[in-house]
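Read off the chains here:
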Amino acid sequence: SRREAVRVIVNALQGQDRIEQRCQNMALAVRQFALLPPTAPDSDYDEIWSNLVLDELRVPGLSGVAATPSNGDVDLF
């Protein structure tokens, strides 16, 4: 039961980071799309999508457990 509970908690925390990163990526892409002229080719849009960071573990600004300082409790990671 404990292992299952830890697995569920870890998955939820990782999921939080993934969702937050996807939202940040979408916001960044939309801002970049807005700067493109109406006649921009599809390749410009493809380049914006290809430059997004999809590895949430490399993004230190996310709010998941890895970004919070230890308060003395046992850390999951």
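A few points on the structure.

Conventions adopted
- Residues numbered from 1 in each chain as written.
- Predicted model: local features only at pLDDT ≥ 70, side-chain atom pairs only at ≥ 80, totals over all residues.
- Heavy atoms only, no water.
- Phe/Tyr/Trp six-rings, centres within 6.5 Å; stacked < 30°, edge-to-face > 60°.
- Helix = DSSP H or I, 4+ residues; strand = E, 2+ residues; numbered from the N terminus.
- Buried < 20%, exposed > 50% of the residue type's maximum accessible area, 1.4 Å probe, protein only.
- Expected span 1.5 Å × (residues − 1).
- Polar contact = N/O pair within 3.5 Å; in protein donor to acceptor, adjacent residues only side chain to side chain.
- Salt bridge = Lys/Arg side-chain N within 4 Å of Asp/Glu carboxyl O.
- Axes fitted to C-alpha atoms, helices over the stretch in contact; angles between N-to-C directions.
- Parallel < 35°, antiparallel > 145°, perpendicular 65-115°, else oblique.
- Left-handed = near helix turned anticlockwise from the far one by under 90°.
- Contact = heavy atoms within 4.5 Å.
- Nonpolar A, V, L, I, M, F, W, Y, C, P; charged D, E, K, R; others polar.

### Some points on the packing of aromatic side chains
Tallied over the entire structure, the rule returns two aromatic pairs. Each ring, one from Phe-33 and one from Tyr-45, has its centre 5.0 Å from the other, and the planes form 50°; the classification is tilted. One end of the pair, Phe-33, is in helix H1 (residues 2-35); the other, Tyr-45, is in helix H2 (residues 42-50), and twelve residues separate them in sequence. Ring plane angle 70° and centroid distance 5.4 Å describe the contact between Phe-33 and Trp-49, whose orientation is recorded as edge-to-face. Of this pair, Phe-33 sits in helix H1 while Trp-49 sits in helix H2, placing them 16 residues apart in sequence. Its relative accessible area of 40% is what places Trp-49 among the partly exposed residues. Ring-pair connections join several aromatic residues into one group, and the members of that group are Phe-33, Tyr-45 and Trp-49.

### Focus on H1
Helix length check: H1 (34 residues) gives 50 Å between terminal C-alpha atoms against 50 Å at 1.5 Å per residue, within 8%. Those residues of H1 lying buried are Val-10, Gly-15, Asp-17, Gln-21, Asn-25, Ala-29 and Phe-33.

### Points about the side chain of Gln-21
Within the secondary structure, Gln-21 is located in helix H1. You can call Gln-21 buried: its relative accessible area is 2%. In this structure the side chain of Gln-21 is engaged in a polar contact, spanning 3.5 Å, whose partner is the side chain of Arg-22.

### Observations concerning the pattern of salt bridges
Side chains that differ in charge, positive against negative, can pair when their charged atoms come close. Throughout the structure, instances matching the rule amount to one salt bridge. Close ionic contact of Arg-7 with Glu-4 constitutes a salt bridge, the shortest N to O distance being 2.6 Å. Pair noted here: Arg-7 and Glu-4 are both in helix H1, with a separation of three residues, about one helical turn.

### Notes on the packing of H1 against H2
When two helices pack together, their arrangement is given by the angle between their axes and by how far apart the axes lie. Contact geometry of H1 with H2 gives a least axis separation of 10 Å together with a crossing angle of 155°. With respect to H2, the element H1 is oriented roughly antiparallel. Note that H1 runs across H2; the crossing there is right-handed. Contact with H1, carried on its side by Met-26, Ala-29, Gln-32 and Phe-33, involves Tyr-45, Ile-48 and Trp-49 of H2 and no other residues of that element. Here the contact of H1 with H2 is composed, by residue class, of six nonpolar, one polar and no charged.

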